Amino acid sequence: MPSRALVTGAAGFLGSHLTDRLLAEGFAVLGVDNLSTGSPANLAHLANEPRFAFQERDICQPFDPGPVDFVFNFASPASPPEYLRLALETLHVGSQGTENALAIAHKYGASFLHASTSECYGDPLVHPQPESYWGNVNPVGPRSVYDEAKRFAESLTMAWHRYRGVNTHLVRIFNTYGPRLHPSDGRVISNFVMQALRGEPLTIYGDGSQTRSFCFVTDLIDGIFRLAHSEEHLPVNIGNPTEFTILECAQAVLEVTGSSSALTHASLPQDDPTRRQPDITCARTLLGWEPKISLRQGLALSLDFFRSQL
Ligand code: UDP
């Protein structure tokens, strides 16, 4: 019998890539998604895959997927415009939805991996960010619906590990991009690439000096797959430590797309973190993992997808 995994948020960007990796590793996968931000198109290529099944459902309602060996909890709005639009839903899926997923792992003795985030560090005062840093989060600002939902989900996951004995894992995901990143969900890479391909100006929020560190999706999924099979229960950062200002990111997009789009400035969203870079010492030592694909390589690998979305 192959291992069987439940992937919540399977129709999302990361959930669908994780599903592909699990199937490639011989797993059977049940994907669930309420399609609030995910898209069936991300799973369309699996229509004839006998080891894959899909259910449209909201994990905030308890459900029983049958016996599973792994639960990967990836259900949540994740781009800033989407979690601001779906504020209460984001809080609910991080709390009630995540507890329902933990209860499934407990019932079937499954390993549980929760998709957490670099947003747990908020606007970090420590740079780069090691897992031991507790973060600098505004608990009542607009972004708090996402940040605090993810922080609560980490606490909940640790409690189910400590008090109910579930074999849990927490991955803190840094900015990730690649094919299937929704072209209009407002993230910087998808915005810039779509703008560059359309010949429109690239929208730099603020002065563009804020930084992010961008990981290509297959690198990220490899780290997550390794973490799910590890003995580590505390959070592990997975991300690419090469840091770019948003202006440098715009320059890379112009280069790779060959676009001559101009740059235009727009206002900086409230509480937008000024810098972000993962310290990946833990991932290197515990998982033997590090990213392989540079930003320019990853952008080139993503172009066919974004062109298909024009
Ligand atoms: N950003 C930008 N232009 C855009 C979209 C985003 O300058 O069209 C900036 C945004 O203000 C932030 C960074 O790019 O500083 C990353 O934003 P994103 O929404 O991708 O993710 P975040 O890391 O903020 O969750």
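For the structure itself, consult the block above.
Rules used in this analysis
- Residues numbered from 1 in each chain as written.
- Predicted model: local features only at pLDDT ≥ 70, side-chain atom pairs only at ≥ 80, totals over all residues.
- Heavy atoms only, no water.
- Near = heavy atom within 4 Å.
- Polar contact = N/O pair within 3.5 Å; in protein donor to acceptor, adjacent residues only side chain to side chain.
- Areas by Shrake-Rupley, 256 points an atom, 1.4 Å probe, with all protein chains shown as cover.
- Helix = DSSP H or I, 4+ residues; strand = E, 2+ residues; numbered from the N terminus.
- Nonpolar A, V, L, I, M, F, W, Y, C, P; charged D, E, K, R; others polar.
- Axes fitted to C-alpha atoms, helices over the stretch in contact; angles between N-to-C directions.
- Left-handed = near helix turned anticlockwise from the far one by under 90°.
- Contact = heavy atoms within 4.5 Å.
- Expected span 1.5 Å × (residues − 1).
- Buried < 20%, exposed > 50% of the residue type's maximum accessible area, 1.4 Å probe, protein only.
- Pairing = 2+ DSSP bridges.
- Right-handed = clockwise from strand over helix to strand, strands pointing away.
- Bend = angle between axes of the 7 residues up to and from the residue.
- Core = buried A, V, L, I, M, F, W, Y, C linked by side-chain atoms within 4.5 Å.

S.K.: I tried to follow the site of the ligand on my own but got confused; where do I start?
M.R.: Near the ligand lie 18 residues; those nearest to it are Val188, Thr203, Arg212, Asp272 and Arg276. A distance of 3.1 Å separates an oxygen atom of the ligand from a polar atom in the side chain of arginine 143. Aspartate 272 has a polar side-chain atom sitting 2.5 Å from an oxygen atom of the ligand. When isolated, the ligand has an accessible area of 510 Å², and the protein chains bury 95% of it. Of all the secondary structure elements, the ones that give two or more residues to the shell around the ligand are helix 5 (188-198) and strand 8 (202-205). Taken together, the residues that form the shell around the ligand break down as seven nonpolar, five polar and six charged.

S.K.: I tried to follow the packing of helix 1 (residues 13-24) against helix 6 (residues 217-228) on my own but got confused; where do I start?
M.R.: In a packed pair of helices, the relevant descriptors are the angle between the two axes and the axis-to-axis distance. Two numbers describe how helix 1 lies on helix 6: the axes approach to 10 Å, and their chain directions differ by 65°. In this structure, helix 1 meets helix 6 at a crossing whose hand is right-handed. Contact residues: Phe13, Leu14, His17, Leu18, Arg21 and Leu22 in helix 1; Val217, Leu220, Ile221, Asp222, Ile224 and Phe225 in helix 6.

S.K.: I keep staring at helix 1 and nothing clicks. Help me out?
M.R.: Residues spaced three or four apart along an α-helix point in a common direction, a consequence of the helix completing one turn every 3.6 residues. With 12 residues, helix 1 should reach 16 Å at 1.5 Å per residue; the first-to-last C-alpha distance of 17 Å fits that figure. For helix 1, the buried fraction is high: nine of the 12 residues fall into the buried class. One or two positions beyond helix 1, positive phi appears at glycine 26, with a value near 95°.

S.K.: Please clarify how the pairing of strand 2 (residues 28-33) should be interpreted in this entry.
M.R.: Both faces of the sheet carry side chains from a regular strand, because those side chains alternate between them. With respect to burial, strand 2 is a largely interior element, six of its six residues being buried. Alternating residues of strand 2 divide into Ala28, Leu30 and Val32 and Val29, Gly31 and Asp33, and every residue in both groups is buried. Pairing of strand 1 (residues 4-8) with strand 2 involves five bridges; the strand directions are parallel. By the bridge assignment, alanine 5 is partnered in strand 2 with valine 29. Remark: the strand 1/helix 1/strand 2 crossover connection has right-handed handedness.

S.K.: Could you clarify how one ought to interpret helix 9 (residues 295-308) in this entry?
M.R.: If you check helix 9, its first and last C-alpha atoms are 20 Å apart, about what 14 residues at 1.5 Å a residue would give, namely 20 Å. Of all the bends in helix 9, the greatest, near 40°, is centred on serine 302. Among the structural elements, strand 7 (176-177), helix 5, strand 10 (215-216), strand 12 (243-245) and helix 7 (246-257) are those in contact with the buried residues of helix 9.

S.K.: Honestly, the sheet that holds strand 11 (residues 236-238) in this entry has me stumped. Any pointers?
M.R.: Sheet strands pair by backbone hydrogen bonding; their relative direction is either parallel or antiparallel. Spatially, seven strands are ordered 3-2-1-4-5-6-11 in an open sheet, and the strand pairing comes out parallel. A strand with exactly one partner marks an edge of an open sheet, and here the two such strands are strand 3 (52-56) and strand 11. Taken over all neighbouring pairs, the strand axes of this sheet differ in orientation by 20° on average, direction set aside. In the packing of helix 4 (residues 144-164) onto the sheet, the strands contacted are strand 5 (111-117) and strand 6 (168-173), and the crossing angle to strand 5 comes to about 155°. Against the sheet, helix 6 contacts strand 4 (70-73), strand 5, strand 6 and strand 11, and its axis sits at roughly 160° relative to strand 6.

S.K.: Is there a simple way to think about unusual backbone geometry in this case?
M.R.: Leaving glycine aside, a negative phi is the common case for residues, and trans is the common case for peptide bonds. Each neighbour pair has its own omega, and for histidine 127 with proline 128 the value is -10°, a cis peptide bond. For proline 128, the position within the fold is in the loop between strand 5 and helix 4. Even without being glycine, leucine 35 reaches a positive phi, approximately 60°. Among the secondary structure elements, leucine 35 is positioned in the loop between strand 2 and strand 3. Taking the relative accessible area as the measure of exposure, leucine 35 reaches 23% and is therefore partly exposed. Its identity as a non-glycine residue notwithstanding, arginine 180 has a phi of 80°, on the positive side. Mapped onto the elements, arginine 180 comes out in the loop between strand 7 and helix 5.

S.K.: Help me out: how do you make sense of the nonpolar core in this one?
M.R.: Side chains of a nonpolar character, in soluble globular proteins, are inclined to be buried together. Core analysis: the largest hydrophobic core is formed by 59 residues, its most contacted members being Leu22, Phe72, Phe74 and Ile189. Here the element with the most residues in this core is helix 6; it accounts for seven residues. When neighbours within four sequence positions are excluded, isoleucine 189 is seen to be in contact with Tyr177, Leu181, Phe214, Cys249, Leu295 and Leu299. Membership of the second largest hydrophobic core comes to 19 residues, among which are Leu6, Phe63, Leu156 and Trp160.

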